[in-house]
Amino acid sequence: MNTLRNGEYFGQTNDIVNFEGLTITDTEYTHPYVDWHYHENAYFTFLLQGNMIEGNKKETYECSAGTLLYHHWEDPHYNIKPDIFTRGFHIEISKKWFDQFDFQKNNAEGSFNIQDPSLKLLIYKIFKENQDRDNAFEAAIHQLLLNLFSQFVTQKDKTEKKPLWVGHINEILHESFTEKLSLTELSATLNIHPIHLSRDFQKYFHCNLGEYIRKLKLNKSLELLTKQDSLTDIALECGFADQSHFIRCFKENIGVTPLKYRNLLRK
């Protein structure tokens, strides 16, 4: 089985930066099939453009733009890529980084397809910082990455303890976030009292219901920015009231306008 060393990926790496135990790469995937392999370091893969299939010992994922994957070091997997342009953003994390920030490495063992929109927005912010690269970008990336790991590990540890309605409402919201959702109707569907839902949603999702829905809309918009030019069309497809609402919400969460972010993607 192939072992990929620090910064190595199957494809053409167009940008690479190293600092304080991290290696960040922007890679165009060129291989239609990559056999079972693993990496010597833990890493996140964030798919910026295109599609691919990834399989590991437990699951197979169909990945499109906006997919966020995490692999611990030496965790075997394989990839299949269709005949389209596919581009990935990687954050490779050395054992030195885990030690430097006194983070328990074993807390993040395994391979995961991360669905939480809050965690995906943190990756978008890391990508933005890496593209800007001002004199504060390294500190900003460390802070965002520690925040990401903190939330990721906390959620992973609580997976077995969540009541059934948490998984059910998450499925509903991911499928219906562009629609007008009523707290009363959601409560009836879940067969729990609206007060119970209002009180405990924050506990399991770390934000209120409206914020979570907006994050789902933003994640969809970030995916569409690589495919569509019209901000109005993107706003409507993602369920925003209008283009102005979309731009305002985007800037509040990402820190730049949608057009500025699209320009960063094209750098």
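Residues numbered from 1 in each chain as written. Predicted model: local features only at pLDDT ≥ 70, side-chain atom pairs only at ≥ 80, totals over all residues. Heavy atoms only, no water.

Participant: Residues and numbers for helix α7 (residues 209-224), please.
Facilitator: A rise of 1.5 Å per residue sets the reference length of α7, with its 16 residues, at 22 Å; its end C-alpha atoms lie 23 Å apart and thus fit the reference within 8%. Along α7, 12 of the 16 residues are buried, which leaves the element largely enclosed by surrounding structure. One side-chain oxygen at the N-terminal end of α7 lies 3.1 Å from the backbone nitrogen of glycine 210; it belongs to asparagine 208. (Helix = DSSP H or I, 4+ residues; strand = E, 2+ residues; numbered from the N terminus. Expected span 1.5 Å × (residues − 1). Buried < 20%, exposed > 50% of the residue type's maximum accessible area, 1.4 Å probe, protein only. Polar contact = N/O pair within 3.5 Å; in protein donor to acceptor, adjacent residues only side chain to side chain.)

Participant: How would you explain the confidence of the model for the chain if you had to name every residue and give the values?
Facilitator: Model confidence for the chain is summarised by a mean pLDDT of 90, while 96% of its residues fall at 70 or above. Model confidence for the chain, summarised as mean pLDDT per element, is weakest for strand β1 (residues 2-4) at 86 and strongest for strand β3 (residues 22-29) at 96. (pLDDT = per-residue confidence, 0-100.)

Participant: Help me get a handle on the environment of cysteine 238, residues and values and all.
Facilitator: Relative to the elements of secondary structure, cysteine 238 occurs in the loop between α8 (231-237) and α9 (243-254). Taking C-alpha positions, cysteine 238 is 37 Å from histidine 37, a pair spaced 201 residues apart along the chain. The residues contacting cysteine 238, other than those within four sequence positions of it, are Phe177, Thr178, Lys217, Lys220, Ser221 and Leu224. (Contact = heavy atoms within 4.5 Å.)

Participant: Report on unusual backbone geometry, specifying residues and quantitative values.
Facilitator: A positive phi angle is found at glutamate 74, which is not glycine, with a value near 55°. If you trace the backbone, glutamate 74 turns up in the loop between β8 (68-71) and β9 (77-80). The class for glutamate 74 is partly exposed, based on a relative accessible area of 49%. Phi at arginine 133 takes a positive value of approximately 50°, unusual for a residue other than glycine. Residue position: arginine 133 is located in the loop between α2 (117-132) and α3 (137-157). Look at arginine 133 and you get partly exposed, because its relative accessible area is 33%.

Participant: With reference to specific residues and values, describe α9.
Facilitator: Under the 1.5 Å per step criterion, the end-to-end length of α9 is 16 Å for 12 residues, consistent within 8% with the ideal 16 Å. Restricting attention to buried positions, one finds in α9 the residues Phe246, Cys249, Phe250 and Ile254. Along α9, the residues classed as buried sweep out an arc of 105° about the axis, all on the same side. One or two steps after α9, the chain reaches glycine 255, where phi turns positive at roughly 100°. (Arc of directions from axis to C-beta.)

Participant: Describe the sheet that holds strand β10 (residues 86-93), listing the residues and the values that go with them.
Facilitator: Taken together, 6 strands build an open sheet; the order of strands is β2-β3-β10-β5-β8-β11 and the sheet is antiparallel. Each edge of the open sheet carries a strand with a single partner, namely β2 (11-19) and β11 (111-114). Between one strand axis and the next, the sheet turns through 15° on average, direction left out of account. Across the sheet, α2 is in contact with β2, β3, β5 (42-49), β8, β10 and β11; its angle to β10 comes to roughly 90°. (Pairing = 2+ DSSP bridges. Axes fitted to C-alpha atoms, helices over the stretch in contact; angles between N-to-C directions.)

Participant: Provide a residue-level description of the packing of α7 against α9, including the pertinent values.
Facilitator: Contact pair α7 / α9: the axes reach a minimum separation of 11 Å and the direction vectors enclose 95°. Of the possible angle classes, the one that applies to α7 and α9 is roughly perpendicular. In contact with Arg214, Leu218, Ser221 and Leu222 of α7, α9 contributes Phe246, Cys249, Phe250, Asn253 and Ile254. Taken together, the residues of the contact of α7 with α9 sort by class into 6 nonpolar, 2 polar and 1 charged. (Parallel < 35°, antiparallel > 145°, perpendicular 65-115°, else oblique. Nonpolar A, V, L, I, M, F, W, Y, C, P; charged D, E, K, R; others polar.)

Participant: Describe the state of the cysteines, with residues and values.
Facilitator: Across all of its chains, the model carries 0 disulfides by this definition. Take cysteine 238: it sits in no disulfide, and the sulfur closest to it among the cysteines is that of cysteine 249, at 10 Å. (Disulfide = S-S within 2.5 Å.)

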